[in-house]
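What the coordinates show
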Amino acid sequence: GQNIDQPTEMTATEGAIVQINCTYQTSGFNGLFWYQQHAGEAPTFLSYNVLDGLEEKGRFSSFLSRSKGYSYLLLKELQMKDSASYLCAVRDHSSGGSYIPTFGRGTSLIVHP
Amino acid sequence: DTEVTQTPKHLVMGMTNKKSLKCEQHMGHRAMYWYKQKAKKPPELMFVYSYEKLSINESVPSRFSPECPNSSLLNLHLHALQPEDSALYLCASSQEVGDGYTFGSGTRLTVV
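Below is a short write-up of the structure.

Our focus in this paragraph is unusual backbone geometry. All names here are of chain B. For the peptide bond that leads from Thr7 to Pro8, omega is -10°, which places it in the cis range. Backbone geometry at Ala80 places phi at a positive 55°, although glycine is not the residue there. Relative to the assigned elements, Ala80 resides in the loop between strand E8 (73-79) and strand E9 (87-94). Ala80 sits in the partly exposed class, given a relative accessible area of 31%.

As structure tokens, this is what we get:
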């Protein structure tokens, strides 16, 4: 299985940049996902990394280092609507080949004016 | 169509009731999932269907019974639930098992 760690809560100011970290331990890493979930709503897919490096998608970027078991989600030009929970999910093929991602506990981001 | 549709959005049921949650997608995804989510917790996997066959049951109590009538539909039949089963129930689909998910908006279930 995986041991996934994310900060519980972060706060940031509108217009700023915030980095949300995710560390994991797994024996058969096979990809990492980031999802955004607004309160009371379903998660929405943000990004997917399987190779080392940075994937940029508009204001959001995601980085992966497989050797360090580490990823981060970078949010630029923060807006109030970015206040949400951000879930890191790690997929591995060591659990009997199920390939089902395991979710971290999520990071609650609060953006204030 | 790029959505997963779940009905109902809200459900209140007694402990002796039988109800069903429904999920539908028309994206041609071959994997469908049921997750349970409590407040301020991550989604917990319940069931996985791949090509209309149940491939994973995460030791879910038998009072929850999944059904996949065809490649677009996924049901979750509920019977004799407990108050602690109150949660947000999320359906998701993906192209293949383990690919990025598209989630439905969820059913908020309250057991009284």
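Bringing the pairing of strand E6 (residues 53-57) of chain A into the picture now. For a regular strand, side chains alternate in direction, first toward one face of the sheet and then toward the other. Residues and elements named next belong to chain A. Two strands pair when backbone bridges link them, and E6 and strand E7 (residues 60-65) are joined in this way by five bridges, in the antiparallel orientation. Along E7, the bridge assignment pairs Leu54 with Phe63. Linking E6 to E7, which pair antiparallel, is a turn of two residues; within it Gly58 sits at a positive phi near 65°.

We now examine the pattern of salt bridges. Under the criterion given, the structure shown has seven salt bridges over all chains. Asp5 of chain A is the partner of Arg105 of chain A in a salt bridge, and the nearest nitrogen-oxygen pair spans 3.6 Å. Separated by 100 residues along the polypeptide, Arg105 of chain A in the loop between strand E10 (102-103) and strand E11 (107-112) and Asp5 of chain A in strand E1 (residues 3-5) bring together distant segments of the chain. Its relative accessible area of 43% is what places Arg105 of chain A among the partly exposed residues. Of the residues examined, Asp5 of chain A reaches a relative accessible area of 42% and is grouped as partly exposed. Taking the shortest distance from any N to any O, the salt bridge between Arg30 of chain B and Glu52 of chain B comes out at 3.6 Å. Of this pair, Arg30 of chain B sits in the loop between strand E3 (18-25) and strand E4 (31-37) while Glu52 of chain B sits in the loop between strand E5 (44-50) and strand E6 (53-57), placing them 22 residues apart in sequence.

Looking now at the pairing of strand E9 (residues 84-92) of chain A. All names here are of chain A. Of all nine residues making up E9, nine are buried, and the element is well covered by its neighbours. Residues Ala84, Tyr86, Cys88, Val90 and Asp92 point to one face of E9 and Ser85, Leu87, Ala89 and Arg91 to the other, with burial holding for every one of them. Note: strand E4 (residues 29-37) against E9, seven bridges, orientation antiparallel. Bridge pairing links Phe29 to Asp92 in E9. Strand direction decides the pairing type here: E9 and E11, joined by three bridges, are antiparallel. Looking at E11, one finds that Ser85 is bridged to Ser108. In this sheet, E10 lies alongside E9 in antiparallel orientation, the contact comprising two bridges.

As a further point, take the state of the cysteines. Note: disulfide means a covalent bond formed between the sulfur atoms of two cysteine side chains. Residue and element names in this part refer to chain B. Taken as a whole and assessed by the stated rule, the structure comprises two disulfides over all chains. A sulfur-sulfur distance of 1.9 Å marks the disulfide that ties Cys23 to Cys91. Taking the sign of the torsion about the S-S bond as the criterion, the disulfide between Cys23 and Cys91, at about -70°, is left-handed. Of this pair, Cys23 sits in strand E3 while Cys91 sits in strand E9, and the two are 68 residues apart along the sequence.

Residue and element names in this part refer to chain B. The topology assignment puts Glu3 in the segment before strand E1 (4-7). Residues Glu3 and Pro66, spaced 63 residues apart in sequence, show a C-alpha to C-alpha distance of 20 Å. Not counting residues up to four positions away in its chain, the partners in contact with Glu3 are Glu24, Gln25, His26 and Met27.

Cut-offs used in this document
- Residues numbered from 1 in each chain as written.
- Chains lettered and ligands numbered in written order.
- Predicted model: local features only at pLDDT ≥ 70, side-chain atom pairs only at ≥ 80, totals over all residues.
- Heavy atoms only, no water.
- Helix = DSSP H or I, 4+ residues; strand = E, 2+ residues; numbered from the N terminus.
- Buried < 20%, exposed > 50% of the residue type's maximum accessible area, 1.4 Å probe, protein only.
- Pairing = 2+ DSSP bridges.
- Salt bridge = Lys/Arg side-chain N within 4 Å of Asp/Glu carboxyl O.
- Disulfide = S-S within 2.5 Å.
- Contact = heavy atoms within 4.5 Å.

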